[in-house]
Amino acid sequence: MNKNQLFPFMVKGQIEISNRNNIEELNNVAESGMYIVIPNSDTYGTLLVFQAGGGAGATVQFYLHPAGINITRIKNSNSENIWRQL
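Quantities reported herein were computed from a predicted structural model and do not represent experimental measurements.

Asks: Now, about empty space enclosed by the protein: what can you tell me, with residues and values included?
Replies: Leftover empty space is mapped by rolling, across the atoms, a probe with the size of a water molecule. One pass over the structure, following the stated rule, counts one cavity of 30 Å³ or more. For the largest cavity, the calculated volume is near 30 Å³. Mapped onto the lining of the largest cavity, the elements with two or more residues apiece are β4 (58–65) and β5 (69–76). Among the residues forming the lining of the largest cavity, the class breakdown is six nonpolar, one polar and one charged.

Dropping the structure here:
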């Protein structure tokens, strides 16, 4: 448990998106934590977000969906501040 009395991977919230392949709708999720992703009329997925990169201010997202979708991407605020898929 951390100082906020939360376990590290407690769900922070739910995010609704139009379909499981539209990750552009996750662009503004930058707060570290685990989220349930709810595509319209589909099985739920999981989004893990964390801050990395030291002074570079990088945000990393892992998006996983039971349909075999496994996307890792990073956004570095010291560059163009755009998402790059790894």
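There is more to say after this.
Asks: So what's going on with the pairing of strand β2 (residues 33–39)? Residues and values would help.
Replies: Buried residues dominate β2, accounting for six of its seven residues. By the bridge criterion, six bridges tie strand β1 (residues 11–17) to β2 in an arrangement that is parallel. Following the sheet pairing, I17 is matched in β2 by P39. Sheet analysis places β2 next to strand β3 (residues 45–52), joined by five bridges and oriented antiparallel. Residue pairing for β3: Y35 is matched across the bridge by L47. Where β2 folds back on β3, the antiparallel hairpin that results is connected by five residues, among which S41 adopts a positive phi of roughly 55°.

Procedures and definitions
- Residues numbered from 1 in each chain as written.
- Predicted model: local features only at pLDDT ≥ 70, side-chain atom pairs only at ≥ 80, totals over all residues.
- Heavy atoms only, no water.
- 1 Å grid on protein atoms, 1.4 Å probe; cavity = no way out; pocket = protein on both sides within 12 Å on 5 of 7 lines; lining within 4 Å.
- Points joined across faces, edges and corners; volume = space filled by probe spheres on them.
- Helix = DSSP H or I, 4+ residues; strand = E, 2+ residues; numbered from the N terminus.
- Nonpolar A, V, L, I, M, F, W, Y, C, P; charged D, E, K, R; others polar.
- Buried < 20%, exposed > 50% of the residue type's maximum accessible area, 1.4 Å probe, protein only.
- Pairing = 2+ DSSP bridges.

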